Amino acid sequence: MGRHNCEIQVLTAMREALARAYDMLNTEGVSNPERLHYWRGRIEGIEEGIRVFQHHSNCPQSGIGPRFIA
């Protein structure tokens, strides 16, 4: 059970980081092409990290599991 809680905490933190990156993309990237490129790359990396984590996670289906990431 301890491992499951740890995995949920990690996945939640990764999703929070993704939300912050999207906020920064919408704030900084609107008028600055260099920052737009930076934040898009960061978002892609976080999304890939979430996909890898979910694929190798032992979390049962509890509402925190996989979701679509475009």
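Just above sits the structure.
For the structure given in this document, a descriptive report is provided here. Nothing here was measured: the structure is a model prediction, and the numbers come from that model.

Okay, the overall build of the protein next. Within the protein, the secondary structure is distributed over 2 helices and 0 strands. For the protein, long-range pairs separated by at least 24 residues make up 63% of all intrachain contacts whose partners lie at least 6 apart in sequence. For the protein, the exposed surface amounts to about 5,000 Å²; the carbon and sulfur share of it is 56%.

Now for the packing of aromatic side chains. Evaluation of the coordinates by the stated rule reveals 1 aromatic pair. A ring pair is formed by Tyr38 and Trp39, whose centres lie 4.9 Å apart and whose planes are at 80°; its orientation type is edge-to-face. Take Trp39: its relative accessible area is 10%, and that puts it in the buried class. Here the guanidinium or amino end of Arg35 rests over the ring plane of Tyr38, the centre of that ring lying 4.7 Å away.

This paragraph deals with the nonpolar core. Counting residues in hydrophobic clusters, the biggest one holds 8 residues: Leu11, Leu18, Ala21, Leu25, Trp39, Ile43, Ile46 and Ile50. When contributions to this core are tallied by element, the ones reaching two or more residues are α1 (2-28) and α2 (33-56).

Along the polypeptide, Phe53 turns up in helix α2. Measuring from C-alpha to C-alpha, the distance between Phe53 and Val10 comes to 9.0 Å, with 43 residues separating the pair along the chain. Once you skip the residues sitting within four places of it in the chain, Phe53 turns out to touch Glu7, Val10, Leu11 and Met14.

Relative to the 34 Å expected for 24 residues at 1.5 Å per residue, α2 spans 35 Å between its end C-alpha atoms, a close match to the ideal helical length. Among the residues making up α2, those that are buried are Trp39, Ile43, Ile46, Glu47, Ile50 and Gln54. Between the side-chain oxygen at the start of α2 and the backbone nitrogen of Glu34 there is a gap of 3.0 Å, and the oxygen is on Asn32.

Basis of the calculations
Residues numbered from 1 in each chain as written. Predicted model: local features only at pLDDT ≥ 70, side-chain atom pairs only at ≥ 80, totals over all residues. Heavy atoms only, no water. Helix = DSSP H or I, 4+ residues; strand = E, 2+ residues; numbered from the N terminus. Contact = heavy atoms within 4.5 Å. Areas by Shrake-Rupley, 256 points an atom, 1.4 Å probe, with all protein chains shown as cover. Phe/Tyr/Trp six-rings, centres within 6.5 Å; stacked < 30°, edge-to-face > 60°. Buried < 20%, exposed > 50% of the residue type's maximum accessible area, 1.4 Å probe, protein only. Lys NZ or Arg CZ within 6 Å of the ring centre and 35° of its normal. Core = buried A, V, L, I, M, F, W, Y, C linked by side-chain atoms within 4.5 Å. Expected span 1.5 Å × (residues − 1). Polar contact = N/O pair within 3.5 Å; in protein donor to acceptor, adjacent residues only side chain to side chain.

That's the geometry; what it means functionally is another story.
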